[in-house]
Amino acid sequence: MSKEVKKKPQISERRRFFTTVAHNVGLSVMGGLLWAGYSAKAKSSPLTLRPPAALDEEDFLKTCIKCGLCSEACLNRDSNIDKETGKQRPATLKIAKAEDNVTIGTPFFTPRDIPCYMCEDIPCVPVCPTEALDVTKVTNKAGKLDPTMMDMGLAVVDINSCIAYWGIQCDACYRACPLMDTAIKLVYSRNSRTGKHAFLKPEVDMQTCTGCGMCEQACVTEKAAIHVLPREVALGKPGDHYVKGWDTKDQQRVKNRVGKDVTTHDKRSAKEATDYLNQGGLLDEDE
Ligand code: SF4
Ligand code: SF4
Ligand code: SF4
């Protein structure tokens, strides 16, 4: 008996073809939408530290074309060869991947792993083709590149975890700082708990700290007791309502706020503070 081969009607073939195409297009559109959604979500953590001379985060993200040239320059700089082994070390500047919690493809660094070494010639900055890294931010009046003008963040000491604040001798962060005695100082004070020892506490100068993170990398505690934060995160903001009566620039703000409610710390309040101190208002820190 001959087997009857049923020929499927042509309409079904066509329908299957279109269904497959539609299915694939659907998948790719959906994939695109998912990826777009993911990319949009893959925004940088507010704790992200950018390369030296980076524009403010919003402008930086609009300007950086994710070419990676800064990271490449950082990797290939002459000073990146380990003197002992003669081998190239990993770059400070990493290019963000999906798992980094930083906008994918943009440069950032993690000081606890690899800090910025504040290279004299700052090779990562002039190579930026879009001025997302703005060379004028690190160029001094003499027209020279000046690493002390870098401003990647601000080092903040966690005084509860810093063992120097416990009275244990440690100056690892202080010694690691390229701007020792300027950006970070050791401040002496009496240890009234023991009565015979002194505290030597690291204090960061917010004006001169560049946020290089050498201190963070050098910190001896299990999790660094000093760490670099973007300035917007690290610093507070008193608001226009409070004015420093002794500061001429701030006084200008008072003039600009004529008729508005302003609280100043003027001579009168300074006298009140002196009276307070004379009356024993300042106690030893452990008392
Ligand atoms: S200045 Fe810092 S980020 Fe730039 S190349 Fe040197 S180590 Fe890398
Ligand atoms: S060189 Fe400039 S544009 Fe290229 S990745 Fe670095 S910051 Fe972005
Ligand atoms: S981040 Fe640390 S090491 Fe770098 S300048 Fe500031 S205090 Fe010094």
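Everything quoted here is computed from the prediction, not taken from an experiment.

Scanning the protein from N- to C-terminus turns up eight helices and eight strands. Expressed as a percentage of the 287 residues in the protein, the buried residues total 24%. Contacts in the protein between residues far apart in sequence, at least 24 positions, make up 64% of those at least 6 positions apart.

On to the site of ligand 2, then. Taken together, 13 residues lie around ligand 2, and C64, C67, L69, C70 and C128 are the ones closest in. Looking at the shell around ligand 2, its residues break down into 10 nonpolar, two polar and one charged.

Once that is clear, we can look at the confidence of the model for the protein. For the protein, per-residue confidence averages 83 on the pLDDT scale, and residues scoring 70 or more make up 73% of the total. Counted against residues more than four places away or in other chains, residues 1-11, with its pLDDT under 50, gives one contact. Every residue in residues 17-41 is under pLDDT 50, and counting partners more than four places away or in other chains gives one contact.

Generally speaking, a soluble globular protein has its nonpolar side chains buried in company with each other. C124, L133, C215 and I226 are the most contacted members of the largest nonpolar core, which has 46 residues in total. Elements with a contribution of two residues or more to this core: α3 (69-76), β3 (154-157), α4 (172-176), β5 (197-204), α5 (214-218) and β6 (226-229). No fewer than three residues from each of domain 1 (42-150) and domain 2 (153-236) sit in this core. In this view, C215 contacts A155, C173, A176, C177, I184 and I226; residues no more than four positions away in its chain are not counted.

A separate point is the site of ligand 3. By nearness alone, 15 residues border ligand 3, and C177, A183, C209, C212 and C215 come closest of all. The residue makeup of the shell around ligand 3, split by class, is 12 nonpolar, three polar and no charged.

Attention shifts here to the environment of A164. By the element assignment, A164 lies in the loop between β3 and α4. Sequence-wise, A164 and P202 are 38 residues apart; in three dimensions their C-alpha atoms are separated by 7.5 Å. Setting aside its immediate chain neighbours within four residues, A164 contacts C170, F199, L200, K201 and P202.

A few words now on α3. Here α3 has its buried residues at C70, S71, A73 and C74. For α3, the angular spread of the buried residues around the axis is 160°, confining them to a single face. Each element contacted by the buried residues of α3 is listed here: β1 (94-95) and β2 (107-108).

What follows concerns the environment of C219. As for its placement among the helices and strands, C219 is situated in the loop between α5 and β6. Here C219 falls in the buried class, since 25 other C-beta atoms lie within 10 Å of it. For the pair C219 and A176, spaced 43 residues apart in sequence, the C-alpha separation works out to 8.9 Å. Not counting residues up to four positions away in its chain, the partners in contact with C219 are A172, C173, A224, A225 and I226.

It is worth spelling out the environment of C215 at this point. When you line up the elements, C215 lands in helix α5. Distance in space between the C-alpha atoms of C215 and P111 is 8.6 Å, their sequence separation being 104 residues.

Here is what the cut-offs are and how they apply
Residues numbered from 1 in each chain as written. Chains lettered and ligands numbered in written order. Predicted model: local features only at pLDDT ≥ 70, side-chain atom pairs only at ≥ 80, totals over all residues. Helix = DSSP H or I, 4+ residues; strand = E, 2+ residues; numbered from the N terminus. Buried ≥ 20, exposed ≤ 12 C-beta atoms within 10 Å, placed from the backbone. Contact = placed C-beta atoms within 7 Å. Near = placed C-beta within 6 Å. Nonpolar A, V, L, I, M, F, W, Y, C, P; charged D, E, K, R; others polar. pLDDT = per-residue confidence, 0-100. Core = buried A, V, L, I, M, F, W, Y, C linked by C-beta atoms within 7 Å. Domains from an automatic or database assignment. Arc of directions from axis to C-beta.

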